[in-house]
Amino acid sequence: MKISLDTNILIDEPSIVFDSTKQFVISFTVIRELDKLKRNVDLKRAAQEAIKNIWIQHSAGKLEVLNIPNHLGDSPDECIIKDTLDSPETAFFSNDLGARLIANVVGVPVSEMETEQVNYDYTGYTTIAGTVEYEKEYAQLSEMQLEEFNELFGTELKENQYCIIERVIDKSDIWLNHKGAVTRISQSNKPYGDAGITVQPMDAIQACVLDAVFRAESPLVIIDGALGTGKTILTLMGALAATSGGVRNRKYYKILVTKPPVSINKSLYTGFKPGTSEDKMSGHLGGLKSNLKFLLDKRTSRQEKRKESLEVDKLKSTEVWEDYFEVKEIDEIQGESIHESIFLVDEWQLLDEDSVKLILSRIALGSKIVLIGDTQGQTYGMNRANEGFKVLYKHLGTAPEMSFIRLENIYRSELAKFVERIFKN
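Read on for a plain summary of the structure. Predicted model only: the values in this text are computed from it and were never measured.

Further remarks concern the overall build of the protein. Within the protein, the secondary structure is distributed over 18 helices and 14 strands. Per-residue burial for the protein yields a buried fraction of 48% across its 425 residues. Long-range contacts, defined as pairs at least 24 residues apart, comprise 71% of the intrachain contacts of the protein with a sequence gap of at least 6. Here the protein displays about 23000 Å² of accessible surface, and carbon together with sulfur accounts for 49% of that area.

On to the nonpolar core. In this structure, Tyr 162, Ile 197, Leu 240, Val 257, Leu 295, Phe 325 and Leu 344 are the most contacted members of the largest nonpolar core, which totals 47 residues. Grouped together as the second largest cluster of nonpolar side chains are 31 residues, Ile 51, Ile 54, Leu 101 and Ala 103 included.

Judged by pairing direction, the sheet is parallel, and its three strands sit side by side in the order β1-β2-β3 without closing on themselves. Looking along the sheet, the strands with just one partner apiece sit at the ends: β1 (2-5) and β3 (64-66). Across this sheet, the average inter-strand angle for adjacent strands is 40°, counted without regard to direction. Here β1 pairs with strand β2 (residues 23-27) via four bridges, running parallel. Across the sheet, the residue bridging to Leu 5 is Ile 26, located in β2. Contacts from helix α2 (residues 28-37) reach β1, β2 and β3, with the element oriented near 65° to β2.

The geometry of helix α12 (residues 286-296) relative to helix α15 (residues 316-324) is characterised by a closest axis approach of 8 Å and an angle of 125° between their N-to-C directions. When the axis of α12 is compared with that of α15, the two are oblique. In this structure, the crossing between α12 and α15 has a hand that is right-handed. Across from Lys 289, Leu 292, Lys 293 and Leu 296 in α12, the residues of α15 making contact are Lys 316, Ser 317, Val 320 and Trp 321. Each residue belonging to the contact of α12 with α15 can be placed in one class, and the counts come to four nonpolar, one polar and three charged.

Quick look at the pattern of salt bridges now. Across all of its chains, the model carries 15 salt bridges by this definition. Residue Asp 224 pairs with Arg 406 through a salt bridge whose shortest N-O separation is 3.4 Å. Of the two residues, Asp 224 sits in strand β9 (residues 220-225) while Arg 406 sits in strand β14 (residues 402-407), which places them 182 residues apart along the sequence. Relative accessible area serves as the criterion here: at 4%, Arg 406 is assigned to the buried category. Three or more residues are tied together by salt bridges with common partners; here these are Glu 135, Arg 167, Asp 173 and Arg 184.

Once that is clear, we can look at the packing of aromatic side chains. Under the criterion given, the structure shown has 11 aromatic pairs. With a centroid separation of 5.5 Å and 45° between ring planes, the pair formed by Phe 149 and Trp 175 is classed as tilted. A residue pair is termed long-range when its members are at least 10 positions apart, and Phe 149 in helix α7 (residues 146-153) and Trp 175 in strand β7 (residues 173-178) qualify at 26 residues. Summarising the burial analysis for this pair, Phe 149 and Trp 175 share the class buried. Within the aromatic cluster, the residues linked to one another by ring pairs are Tyr 122, Trp 348, Phe 389, Tyr 393 and Phe 404. The ring of Phe 214 has Lys 251 sitting right over it, with the charged end atom 3.4 Å from the ring centre.

Turning to α12, its buried residues number three or more, namely Leu 288, Asn 291, Leu 292, Leu 295 and Leu 296. In an axial view of α12, the angular spread of the buried residues amounts to 115°, which keeps them on one side of the axis. Looking at the buried residues of α12, the elements they touch are α10 (231-241), β10 (254-258), α15 and β11 (325-327).

Here we come to the environment of Ser 317. Along the chain, Ser 317 falls in helix α15. By relative accessible area, which is 3% here, Ser 317 ends up buried. Here the alpha-carbon distance between Ser 317 and Leu 292, two residues 25 residues apart in the chain, equals 6.1 Å. Ignoring anything within four residues of it in the chain, the contact list for Ser 317 reads Leu 292, Lys 293, Leu 296 and Asp 297.

Cut-offs applied
- Residues numbered from 1 in each chain as written.
- Predicted model: local features only at pLDDT ≥ 70, side-chain atom pairs only at ≥ 80, totals over all residues.
- Heavy atoms only, no water.
- Helix = DSSP H or I, 4+ residues; strand = E, 2+ residues; numbered from the N terminus.
- Buried < 20%, exposed > 50% of the residue type's maximum accessible area, 1.4 Å probe, protein only.
- Contact = heavy atoms within 4.5 Å.
- Areas by Shrake-Rupley, 256 points an atom, 1.4 Å probe, with all protein chains shown as cover.
- Core = buried A, V, L, I, M, F, W, Y, C linked by side-chain atoms within 4.5 Å.
- Pairing = 2+ DSSP bridges.
- Axes fitted to C-alpha atoms, helices over the stretch in contact; angles between N-to-C directions.
- Parallel < 35°, antiparallel > 145°, perpendicular 65-115°, else oblique.
- Left-handed = near helix turned anticlockwise from the far one by under 90°.
- Nonpolar A, V, L, I, M, F, W, Y, C, P; charged D, E, K, R; others polar.
- Salt bridge = Lys/Arg side-chain N within 4 Å of Asp/Glu carboxyl O.
- Phe/Tyr/Trp six-rings, centres within 6.5 Å; stacked < 30°, edge-to-face > 60°.
- Lys NZ or Arg CZ within 6 Å of the ring centre and 35° of its normal.
- Arc of directions from axis to C-beta.

Structure (structure tokens):
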């Protein structure tokens, strides 16, 4: 028996159309309702997700649409589609997936032109298996030319892309392509130990992140990943090593931090806060400060024994925060030049094009900016068609000024893995 899905079912469970054990059908009226609901602040994310899933299944011939009208309605989208339908040999071209779905259903050719040209599959690294030949011939080398490296290992490394070679008898080697030279990077923990950090990367991909943040050659670094993958803590490790660590490693005098002051839920917004920039931003910087405490305030067993005397002393994270960190409000940096600093922008996926341009254009020679966020899991519809990250993502793997790493492994906890799994859609 076929099952006709109502709109409310698709809003509650947009992925239901992928259940291959049942034969679903959709009324054309449901598509119209979903197209209207994508303008609803509270329901637009679910509506957009449902439209996308219907598009996928209908395009694959796995979902039938019922009661397709002979005459389209009076909405602007349907009027445009009707005009296209009445024009011989004309295809419909739109970024609006709801409008494209309606056009597809009523038989209007939909143009396959791509307007965004964003490669969401790019991770910033590639992994290959090591061989005995690698151990004998290449494991002792420190640099190769790009053409030679690609030919030897069957890769096509892009600009600032890492190559992780899983060695036969040892831990992985990590190579980096920068301006045509592929260099094996150091995985020494000394720079981080000199900054008082005992935490080490959990895998080779995290080691790539540390290198990207710590290395000065690329003034722009983007660290992308889901919750619990270590984005913030790794960024802080690299920034601290390059600021408060050993003298030989110090590249910057200050760590500037900011975050879009976007409330999780408007009903929870507490309003304007008086005081300094740090006072106003304090509620949005809890993640940075908690990770800083984790990195710098861990006590050895010997220190734990004299815990009472330690509690009267100022915690190291407090000292480092006061000495090296400065909070910036995004609105206040217009016209400013940022010198000899590393600028950390958390949750940057919430920024629009103008804000991203403003922040990036403030970075002077000798400074660096790290953008931290989860662009795949961002709130759907935030800055719709004006997302700042899409501008940069068109240039992934091509610009020597920009490094990008996407983290995928969740290490925070088993609960974090569970949360990511059930809320993924």
